[in-house]
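The lines below spell out each chain.
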Amino acid sequence: MHSSPGPRPTRTMTLGQARRTALAAQGLAASRPEPHPATPTTGTTDVPRTASTARVHRVVERLGLLQIDSVNVLARAHLVPVFSRLGPYDTAVLDRASSRAPRRLVEYWAHEASLVPPGTYRLLEWRQRRYATEAWGSVRSAATEHGSVVDEVRDVVRVHGPLTAAEVEQRLTTVHQRDTGAWGWNWTVAKRALELLFFAGEVTSAGRTATFARRYDLTERVLPAAVLAAPAVEERDAVRSLVEIAARAHGVGTVRCFADYFRLRTAPARAAVEELVEDGVVEPVVVRGWDRPTFVHRDARTPRTARARTLLSPFDPLVFERRRLAELFGTHYRIEIYVPAPQRRHGYYVLPFLEGEHVTARVDLKADRQAKVLRVLSAHTDPGVTPETPRHLAAELWTLARWLDLDDVLVVEDGDLAPALRRAVAARD
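For the chain, the name recorded in an unreviewed UniProt entry is YcaQ family DNA glycosylase, with Sanguibacter suaedae as its organism.

**Q** Let's hear about the pattern of salt bridges: which residues, and what values?
**A** Overall, the coordinates contain 34 salt bridges when judged by the stated rule. The shortest N-O distance in the salt bridge between R122 and E125 comes to 2.5 Å. Here the two residues R122 and E125 agree in accessibility, since each one is buried. One salt bridge in this structure joins R130 and E235, with 2.6 Å as the shortest N-O distance. Within this pair, whereas R130 is found in the loop between α6 (125-129) and α7 (131-134), its partner E235 is found in helix α13 (residues 235-250), the two being separated by 105 residues in sequence. Given a relative accessible area of 30%, R130 falls into the partly exposed group. Salt bridges sharing common partners tie together E107, K191, E195, R208 and R214.

**Q** An account of the packing of aromatic side chains is requested, with residue identities and associated values reported.
**A** Two aromatic rings, taken as a pair, are described by how far apart their centres are and by the angle between their planes. All chains considered together, the criterion is met by nine aromatic pairs. Geometrically, the ring pair formed by F83 and W403 is stacked, given 4.6 Å between the ring centres and 15 degrees between the ring planes. Placement of the pair is F83 in helix α3 (residues 80-86) and W403 in helix α17 (residues 389-403), with a sequence separation of 320 residues. W403 gets classed as buried once you look at its relative accessible area, which sits at 7%. With centroids separated by 6.5 Å and ring planes inclined at 90 degrees, the aromatic side chains of F198 and Y216 adopt a geometry described as edge-to-face. Here Y216 lies in strand β6 (residues 214-218) and F198 lies in helix α11 (residues 189-199), a separation of 18 residues in the sequence.

**Q** So, empty space enclosed by the protein: which residues are in play, and what are the values?
**A** Scanning all chains against the criterion turns up one cavity of 30 Å³ or more. In this structure, the largest cavity spans a volume of roughly 40 Å³. What lines the largest cavity is simply H250, C257, D260, Y261, P317, L318, F320, E321, R324 and L325. Of all the elements in the fold, those that place two or more residues in the lining of the largest cavity are α14 (255-261) and α16 (322-329). Broken down by element, the residue count for the lining of the largest cavity peaks at three residues, all from α14. Within the lining of the largest cavity, the residues separate by chemical class into six nonpolar, one polar and three charged.

Conventions and cut-offs
Residues numbered from 1 in each chain as written. Predicted model: local features only at pLDDT ≥ 70, side-chain atom pairs only at ≥ 80, totals over all residues. Heavy atoms only, no water. Salt bridge = Lys/Arg side-chain N within 4 Å of Asp/Glu carboxyl O. Buried < 20%, exposed > 50% of the residue type's maximum accessible area, 1.4 Å probe, protein only. Helix = DSSP H or I, 4+ residues; strand = E, 2+ residues; numbered from the N terminus. Phe/Tyr/Trp six-rings, centres within 6.5 Å; stacked < 30°, edge-to-face > 60°. 1 Å grid on protein atoms, 1.4 Å probe; cavity = no way out; pocket = protein on both sides within 12 Å on 5 of 7 lines; lining within 4 Å. Points joined across faces, edges and corners; volume = space filled by probe spheres on them. Nonpolar A, V, L, I, M, F, W, Y, C, P; charged D, E, K, R; others polar.

Have a look at this one:
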């Protein structure tokens, strides 16, 4: 057990208090706003919407980032955390924020690939400057192995951007084969060059196509002018600011929790926490049941109750750090997308169900867009399950289905919760 940086804790929290503090920091403690009728200007379905543009942006500001993932079995990963906190909303708000000037969201490697505010993008520039050690091998090696391709790709984007990777390749003078021997994505040399320029901050995403392909453009043509004009931030100051964003988003957590949020190394994150303790931004606290030094942000609040009932994406910030999730909520969760189907315990795309301050169930979901059906491929209980869980979860599934413009919810008889959930879903039809 490590010694706690800075002063010794003077406060003690129960595990329940820490749990509710975490939920409040994430905007998951209160009931969601009541929906209001949709307006014809949304350009989507006639599902009642709860969220104004301002509310959506407040959620993003509270979270600090939205992780991106290409899997679309239910909905794009960055869309679901906002739904979890606000209920049905017009996803075009996020699309406009990341694809139209002045942009309020920009893509970069934060907690994996993520959307972050432009100011936070500048806090990650030290990572861009250190691409030779921070980027993974197949990307950073493009600089030394294929320097001429990198130069040509840069020129193509400068002249013709924004372009997708496929459009960039069409404009190159040489056709490059895919690297079939490399681990991971089966990328061409040109795609590796693009990703190197993306990591190094020379190009970024000007938005995504309908098929979710990045449209690369020069970063100087994407970031707002005021952000571009701001001075560079030293690495130590940037890490401190990133840790503070993470601490605010957590409410309460450990150095490991805060470091994981932006994929920071432990040593600089710990040094940042020490500074934040000295400045009174975070305070050491004892959480009964946690055996590691823990800290609470000065803006954190601890409600007496938590009332949210919502499904959480596998990429939701609340579930980023699995050890913290297990210690706070008593649930052991893993994403099984990359697990061979016969070895999966709960399913391919499994969402935990948050009911009050407990995770009470988990469901494997698939949006069958052709049949317009939300398919519940499995439903399992978690330790916090209550007799009301099937009814509450059924209501959430219908809300989710209507937000996704699906007409029906179909529960497959797989998992210990499936029979009761199927009856509850049918009762709400």
